[in-house]
Amino acid sequence: MDVIEFLVIIVQSLIQLPRKVGDELDVATRERMQQRAEQLRREMTRLLQELEQSAFAWGDLLFAALQQWQLWAVAGGLILLFGLCWRLRKSSPQPARSGEETTSGSTTEHEEDQSEGHESDDERRLFRIFAKRVQWSVKSLAYRTRVVEVLVGDLLAVLQERLATSFFPVLQPAIGVGSAFEGWSARGRDAVYRLLVPLKPPSGHAFHLELGTGGEMPAKDCRVRVELECTCTREQLVENTWCFLHHPKEELSRNPAASLLGSLCTGSYLDVQKTAHWFQNLVRSAWEEMPQSHRYSMEVRPSSRSCKIQLTTASGRRLFVEMVFGVQQGDSDIFLSSQTTEASFTPSTTWAESCAVAEAKFFRHMARQAPHEALHLKCLQLFDGILVGTVFSMSNLKTVAMHLLNTIPPESWSRREFLVRLQDILWYLRGCLEEKHLKHFFFGNENMPEDIILPTAFQTAEPLNLFQHLVQDPAAHNQAMRDFDELQDRLTRLLFYGQ
């Protein structure tokens, strides 16, 4: 039996799978499926041996075959079929021996473990063939994020000590956000480790968030208004503390930088560019106090809305770290962020509503639930490396993945279902393109994990369509459909050719 005949058998088996009546299959059907599974497993074992001897020819065949959309179902269905057969074998009744109890004992459990191990050997070999085509770096990424977290934590500790008696914003512990901290960046050593540094108002000041006037969600034209508060009572208790509302104006005018309004604001609003410049100067001056300064040389890179630093070891290895600034909305996981918006020109007092912390929190939630292999991260890592030149952003693919992670049980994100999950992501994206509708994950989502805290406006909002522009622009929709076909081709080449 050659490769094509084998694929035909798989297709026929998938098409002819009987439907369940209730939750069970009849005994005769189960026996037929088990016999079929045994035959297919023997053929798969032989085929895998041939694949390992002539992997290049296998790549050529699959590259040609997988140009057709339907055969993605074949590749994914292979995993589904063997998963189903394993479940059937596990649930099928064992004939009872005369004089013995039919309760499951240690011997039966051992036999089931052996059966499961035998089947998973073939599945692991199949997975390895595909995994060889992709360079996983999840473990290396996790190690580097821990290094960056410790380094930035030490840096903020030095800065907090310096600013303890000042009237500058109070720096809070940094929160890792973005692809590197979520665990799926495909950039390798060039990954940017982004952290959000929350800012709280100093004594005698208050932050009031203005969430924009355009009605856009998430709002991109927010501002942080700074107001002075009376601290006369505190002034009497704490030496060298001024009440900015009631202190003599002559003394305040001699030291205008002592007030946040006089140093980092434009008018009454917190200025992103002034804040970034102030923070960059603090980092430069504090670096020599850092224990990591003996291991890394540090360079502050140009940035008007964040603090970007490049760390270089003596051997030339580099780490790229970016610290953006954020002001929290109440006690929620939504922040007003200094990160650049999509507009070509952004006023220096404009902040953007950001879900980055909520997204990172969602992926940490999934890390506690999903299997050890973290298959969802590998899927995102695959797509992160092949989107260049298409109309799709990683934000689109990540939104698709989050919807699926919130729907498909965590145990189904194991490596035995690697191709099935890739297929799910593609099919979900294709369905959204055909309907011209992709729902924003954090607006009007009734299935949000309980540990993610959203503002009331997010919870009660109508679902936000991230593909609304495709509804309004037919040319853009046609281009998106063409790019989807290109994306599918790229994924096929990556899996089977490694490029």
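1. Quick notes on the overall build of the protein chain
Alright, step 1. A tally of regular secondary structure across the protein chain gives 18 helices and 12 strands.
Alright, step 2. Classification of the 499 residues of the protein chain by burial places 49% in the buried group.
Alright, step 3. Counted over contacts in the protein chain with a minimum sequence separation of 6, partners at least 24 positions apart contribute 69%.
Alright, step 4. Of the roughly 25700 Å² that the protein chain leaves accessible, carbon and sulfur atoms contribute 50%.

2. Examining the packing of aromatic side chains
Alright, step 1. Under the counting rule described, the total for this entry stands at eight aromatic pairs.
Alright, step 2. Plain terms: the ring middles of W278 and F279 are 6.4 Å apart, the flat faces sit at 65 degrees to each other, and that makes the pair edge-to-face.
Alright, step 3. Residue F279 is classed as buried on the basis of its relative accessible area of 0%.
Alright, step 4. Residues F362 and F441 carry aromatic rings whose centres are separated by 5.0 Å and whose planes lie at 65 degrees to one another, so their mutual orientation is edge-to-face. Here F441 lies in the loop between α15 (418–435) and α16 (456–460) and F362 lies in helix α12 (residues 356–369), a separation of 79 residues in the sequence. Per residue, the accessibility class of F362 equals that of F441, and both read buried.
Alright, step 5. A network of ring pairs unites the aromatic residues F168, W278, F279 and F325 as a single cluster.
Alright, step 6. Positioned above the aromatic ring of Y269 is the side chain of R223, whose terminal nitrogen or guanidinium carbon lies 3.8 Å from the ring centre.
Alright, step 7. A cation sits over an aromatic face here: R421 above W413, 5.7 Å from the ring centre.

3. A short note on the environment of T266
Alright, step 1. With respect to the element layout, T266 can be found in strand β6 (residues 265–266).
Alright, step 2. For T266, a relative accessible area of 35% gives the class partly exposed.
Alright, step 3. Among the polar contacts made by the side chain of T266, one reaches the side chain of D271 at a distance of 2.6 Å.

4. Thoughts on the confidence of the model for the protein chain
Any segment with low pLDDT has predicted coordinates that should not be analysed in fine detail.
Alright, step 1. Considering every residue of the protein chain, the mean pLDDT works out to 76; 64% of them sit at 70 or more.
Alright, step 2. Taken as a whole, residues 1–26 scores under 50 in pLDDT and shows 38 contacts with residues more than four places along the chain or in a different chain.
Alright, step 3. Of the regions scoring below 50 in pLDDT, residues 64–71 engages in 14 contacts with residues more than four places distant in sequence or in other chains.

5. Some words on the nonpolar core
Alright, step 1. In this structure, F383, F392, L429, L433 and F442 are the most contacted members of the largest nonpolar core, which totals 52 residues.
Alright, step 2. For this core, the elements supplying multiple residues, two or more each, are α12, α13 (375–384), α14 (394–405), α15 and α18 (474–497).
Alright, step 3. If near-sequence neighbours (up to four positions away) are discounted, F442 is found in contact with C355, A358, E359, M402, M448, I452, L454 and F458.
Alright, step 4. Listed in part, the 48 residues of the second largest apolar core include L163, L260, A286 and L311.

6. Considering α12
Alright, step 1. Across its 14 residues, α12 extends 20 Å between first and last C-alpha, which sits within 8% of the 20 Å expected from 1.5 Å per residue.
Alright, step 2. Three or more residues of α12 are buried, namely A356, V357, A358, E359, A360, K361, F362, F363, H365 and M366.

7. Comments concerning the packing of α12 against α14
Alright, step 1. Contact geometry for α12 and α14: axes closest at 12 Å, N-to-C directions at 40 degrees. The angle between α12 and α14 places the two elements in the oblique class. Like other packed secondary-structure pairs, α12 and α14 cross with a definite hand, here left-handed. Here E359, F362, F363 and M366 of α12 lie close against α14, whose contacting residues are K398, M402 and L405.
Alright, step 2. Grouping the constituent residues of the contact of α12 with α14 by class yields five nonpolar, no polar and two charged.

8. Details of the pattern of salt bridges
Alright, step 1. By the definition in use, this model includes 15 salt bridges.
Alright, step 2. With a shortest N-O distance of 3.2 Å, K361 and D333 are connected by a salt bridge. Within this pair, whereas K361 is found in helix α12, its partner D333 is found in the loop between β10 (318–328) and β11 (335–337), the two being separated by 28 residues in sequence.
Alright, step 3. Look at D333 and you get buried, because its relative accessible area is 8%.
Alright, step 4. Put simply, E210, R223, R225 and E227 are held in one network by salt bridges that share partners.

9. What about helix α11 (residues 272–286)?
Alright, step 1. The end-to-end C-alpha distance of α11 is 21 Å, a good match for the 21 Å that 15 residues give at a rise of 1.5 Å each.
Alright, step 2. Every buried residue belonging to α11 is among V272, T275, A276, W278, F279, Q280, L282, V283 and A286, and all of these are buried.
Alright, step 3. Where α11 begins, one side-chain oxygen reaches toward the backbone nitrogen of Q273, 2.9 Å away; that side chain belongs to D271.

10. Overview of the packing of α13 against α14
Alright, step 1. Two elements in contact, α13 and α14, have axes whose closest approach is 10 Å; the angle formed by their N-to-C orientations is 160 degrees. Compared by their axis directions, α13 and α14 come out roughly antiparallel. The chirality of how α13 crosses α14 is right-handed. In contact with H376, L380, F383 and D384 of α13, α14 contributes M394, L397, K398, A401 and L405.
Alright, step 2. Of the residues assigned to the contact of α13 with α14, the class counts are six nonpolar, one polar and two charged.

11. Quick notes on unusual backbone geometry
A negative phi angle characterises most non-glycine residues, just as the trans form characterises most peptide bonds.
Alright, step 1. Residues other than glycine seldom take positive phi values, yet K436 does so here, at roughly 55 degrees.
Alright, step 2. You can see K436 is positioned in the loop between α15 and α16.

12. Focus: the side chain of T390
Alright, step 1. As for its placement among the helices and strands, T390 is situated in the loop between α13 and α14.
Alright, step 2. On the basis of relative accessible area, T390 is assigned to the buried category, the value being 15%.
Alright, step 3. A distance of 2.7 Å separates the side chain of T390 from the backbone oxygen of L387, its partner in a polar contact.
Alright, step 4. Within polar-contact distance, the side chain of T390 engages the backbone nitrogen of F392 at 3.3 Å.
Alright, step 5. Apart from the residues lying within four places of it in its own chain, the contact partners of T390 are D483 and R490.

13. Some words on the environment of H477
Alright, step 1. Locating H477 in the fold gives a position in helix α18.
Alright, step 2. Among the residues examined, H477 registers a relative accessible area of 14% and is labelled buried.
Alright, step 3. When sequence neighbours within four positions are dropped, the list of residues in contact with H477 reads L433, E434, K436 and L470.

About the cut-offs
Residues numbered from 1 in each chain as written. Predicted model: local features only at pLDDT ≥ 70, side-chain atom pairs only at ≥ 80, totals over all residues. Heavy atoms only, no water. Helix = DSSP H or I, 4+ residues; strand = E, 2+ residues; numbered from the N terminus. Buried < 20%, exposed > 50% of the residue type's maximum accessible area, 1.4 Å probe, protein only. Contact = heavy atoms within 4.5 Å. Areas by Shrake-Rupley, 256 points an atom, 1.4 Å probe, with all protein chains shown as cover. Phe/Tyr/Trp six-rings, centres within 6.5 Å; stacked < 30°, edge-to-face > 60°. Lys NZ or Arg CZ within 6 Å of the ring centre and 35° of its normal. Polar contact = N/O pair within 3.5 Å; in protein donor to acceptor, adjacent residues only side chain to side chain. pLDDT = per-residue confidence, 0-100. Core = buried A, V, L, I, M, F, W, Y, C linked by side-chain atoms within 4.5 Å. Expected span 1.5 Å × (residues − 1). Axes fitted to C-alpha atoms, helices over the stretch in contact; angles between N-to-C directions. Parallel < 35°, antiparallel > 145°, perpendicular 65-115°, else oblique. Left-handed = near helix turned anticlockwise from the far one by under 90°. Nonpolar A, V, L, I, M, F, W, Y, C, P; charged D, E, K, R; others polar. Salt bridge = Lys/Arg side-chain N within 4 Å of Asp/Glu carboxyl O.

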